[in-house]
Amino acid sequence: MSTAQITIPLDIPDVRVLQTPLTAQGEFIITVESTLPSAVCHRCGQMIRKSYGSDDWVTVPHLPILGRPVYRRYRPKRYRCDSCDGHPTTTQPLMWHTPNSPQTNAYDTHLLLQLVNATIEEVSLKERLPYDIVLGVIERRIAQQVDWTRYTALGRLGLDEIALKKGHRDFVVIVTARLQDGQVVLLGVLPDREKVTVKRFLLSIPTPLRETIETLCTDMYAGYIQVAREALPHVRIVVDRFHVAEQYRAAADTVRKQELKRLKQELPQADYQQLKGSLWAFRKNQADLSPEEQTVLARLFEYSVELAAAYLLREELTAIFEQAPSQAQAQTELRAWQERVRHSGLTCFDAFLNTLDHWWTEITNYLVHRDSSGFVEGLNNKIKVLKRRCYGLFNLGHLFQRIFLDLEGYRLLA
Ligand SMILES: [Zn+2]
């Protein structure tokens, strides 16, 4: 057995190490003593220095060293106040351990980092800790709602909704902000998308902070837009491009389904086989097509003029959102696009033409600063994963804690 030794700095402030025996089980038990000479009286708030002995020994898990479990052992010191009636005593608080916490603060932080994008079950298995201990760290360290004092300016707000259960009609609304430095932060998890709920939340934002909101991104749910106009009259409302694209792409896709169904009946089987792969090719943007996909699409379009037209119109629309240099230019191009749709004889975009007219300002507001909501910033995927992970996580406070940790954990803790 090697007897080579190394010295590791303990990185604990204000303590003297009394002993560090390695137990028969291969665990380090580091016994320490606080070197701070005082406490603050819990009653009068004065600094008190009169020692009043120590509490019982406390042993708490700390970060492992070289794979070996580490415990820290100490006796909390007590001090007595001579100014207060009855001379109450106060236990000295320590930077590295919160009273009644089952482990050191450093270990808590380590567990929180493990919890980013992971489940409580996974972390409890990996760290060999009971589920409740891991849950307890979240409960102690992560708030269940926003702390407005963390922010000085909000910038762009996003309202996104998610259904917590598959096929469920109940939505919760996730409110995020994209700060000036690009960071997406969680502001709220609302129990439903009722106007009164959303309005109450928007008005709960402290006034000075509310005035720093420039844009609000949302989907085309009329309730949100009406509420936003009332609660945030100075704010530019933007219908998220993601939701707009979803609609017109779905419209083009209905033609693909109809036409492939028709071709399957009309074409000889061998010819129809030649269209294999056209589903994915059709869904891709022109620039992303491989040579094979270009070939299969060209073949498909030879059989269906309608489908070629639908694809082309869809791609033109995407190009306007991608490339238009200004809102005014986009509006001109969109009017021309609407005309081309009306002359194409296609009916698949009829509903979308109405949508475009109805939310004309909000949809084209996207072109002012190309604002997107948290969904486009990757929040959507994070929440999808979170839903799989935390199936049945219906407590809004817990949901807030988990999304907060996923979004901001690395930045705050690492
Ligand atoms: Zn006192």
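Relevant structure appears above.
What you see is a predicted model, and the numbers here were worked out from it, not measured in a lab.

A. Up close: a nonpolar patch on the surface. On the surface, I6, I8 and L66 cluster together to form a nonpolar patch covering roughly 350 Å² of accessible area. With respect to the secondary-structure elements, L66 resides in the loop between β6 (58-65) and β7 (68-74). On the basis of relative accessibility, which here comes to 73%, the residue L66 falls in the exposed class.

B. Representation of the packing of aromatic side chains. By the definition in use, this model includes 11 aromatic pairs. Their ring planes at 65° and their centres at 4.9 Å tell us that Y74 and W96 sit as a pair that is edge-to-face. Here Y74 is found in strand β7, whereas its partner W96 is found in the loop between β9 (89-91) and α1 (105-115), with 22 residues between them in sequence. Assessed through its relative accessible area of 7%, Y74 is described here as buried. One aromatic cluster is present, built from ring pairs that chain together Y248, F321, W337, F349, F352 and Y366. Here the guanidinium or amino end of R283 rests over the ring plane of W280, the centre of that ring lying 5.3 Å away. Over the ring of F282 we find R314, and its NZ or CZ is 5.3 Å from the ring centre.

C. The arrangement of the nonpolar core in detail. Among the nonpolar cores identified, the biggest contains 102 residues, and L154, L157, L187, L202, W337, F349 and I403 are the most heavily contacted of them. If you tally residues by element for this core, the top one is helix α7 (residues 241-266), at eight residues. Mapped onto the domain boundaries, this core takes at least three residues apiece from domain 2 (148-240 + 374-413) and domain 3 (242-369).

D. Representation of helix α17 (residues 396-413) in the model. Along α17, the sharpest kink reaches roughly 55°, centred on L407. Counting buried positions along α17 yields 13 of 18 residues, so the element is predominantly enclosed. Put simply, N395 is the residue that caps the front of α17, since its side-chain oxygen is 2.8 Å from the backbone nitrogen of G397.

E. Structural context of the sheet that holds strand β13 (residues 213-218). The five strands lie next to each other as β12-β11-β10-β13-β14, forming an open sheet whose pairing is mixed. Of all strands in the sheet, those bounded by a partner on one side alone are β12 (184-190) and β14 (236-239). Going from strand to strand, the sheet's axes swing by 25° on average, the running direction of each strand aside. By the bridge criterion, four bridges tie strand β10 (residues 155-163) to β13 in an arrangement that is parallel. Its bridge partner being in β13, G155 is matched across the sheet by I213. Lying over the sheet, helix α6 (residues 222-231) contacts β10, β11 (171-178), β13 and β14, oriented at roughly 165° with respect to β14.

F. Inspection of the coordination of the zinc ion at higher detail. Every protein donor of the zinc ion is accounted for by C41 (SG), C44 (SG), C81 (SG) and C84 (SG), and the metal-donor separations fall at 2.3 Å. The motif formed by the donor residues of the zinc ion, counted along the single chain, is C-x2-C-x36-C-x2-C. A residue is classified by how much of its surface remains accessible, and C41, at 2% relative accessible area, is buried. Overall, C44 belongs to the partly exposed group, its relative accessible area being 34%.

G. Layout of helix α11 (residues 305-323). The terminal C-alpha atoms of α11, which comprises 19 residues, lie 26 Å apart, in line with the 27 Å expected from a rise of 1.5 Å per residue. Of the residues making up α11, those classed as buried are L307, A310, Y311, L313, R314, E315, L317, T318, I320 and F321.

H. Examining the environment of S101 more closely. Along the polypeptide, S101 turns up in the loop between β9 and α1. When the C-alpha positions of S101 and I133 are compared, they lie 9.4 Å apart, and in sequence the two are 32 residues distant. The contacts of S101, once residues within four sequence positions are left out, are V60, D108 and R140. Within the structure, the side chain of S101 is placed 2.9 Å from the backbone oxygen of Q103, a separation counted as a polar contact.

I. Structural context of the sheet that holds strand β5 (residues 50-54). The three strands are arranged β5-β8-β9 in an open sheet whose pairing can be described as antiparallel. Strand pairing shows two members of the sheet lacking a second neighbour, β5 and β9, which therefore form its edges. Put simply, the sheet's adjacent strands are angled 35° from each other on average, direction ignored. The sheet contact formed by β5 and strand β8 (residues 77-80) spans three bridges and is antiparallel. Along β8, the bridge assignment pairs S51 with Y79.

Reading guide: rules and limits
Residues numbered from 1 in each chain as written. Predicted model: local features only at pLDDT ≥ 70, side-chain atom pairs only at ≥ 80, totals over all residues. Heavy atoms only, no water. Patch = residues over 30% accessible without salt bridge, like charges linked within 9 Å, V, L, I, M, F, W, Y side chains within 5 Å. Areas by Shrake-Rupley, 256 points an atom, 1.4 Å probe, with all protein chains shown as cover. Salt bridge = Lys/Arg side-chain N within 4 Å of Asp/Glu carboxyl O. Helix = DSSP H or I, 4+ residues; strand = E, 2+ residues; numbered from the N terminus. Buried < 20%, exposed > 50% of the residue type's maximum accessible area, 1.4 Å probe, protein only. Phe/Tyr/Trp six-rings, centres within 6.5 Å; stacked < 30°, edge-to-face > 60°. Lys NZ or Arg CZ within 6 Å of the ring centre and 35° of its normal. Core = buried A, V, L, I, M, F, W, Y, C linked by side-chain atoms within 4.5 Å. Domains from an automatic or database assignment. Bend = angle between axes of the 7 residues up to and from the residue. Polar contact = N/O pair within 3.5 Å; in protein donor to acceptor, adjacent residues only side chain to side chain. Pairing = 2+ DSSP bridges. Axes fitted to C-alpha atoms, helices over the stretch in contact; angles between N-to-C directions. Contact = heavy atoms within 4.5 Å. Donors = N, O, S within 2.8 Å, 3.2 Å for Na, K, Ca; no water. Expected span 1.5 Å × (residues − 1).

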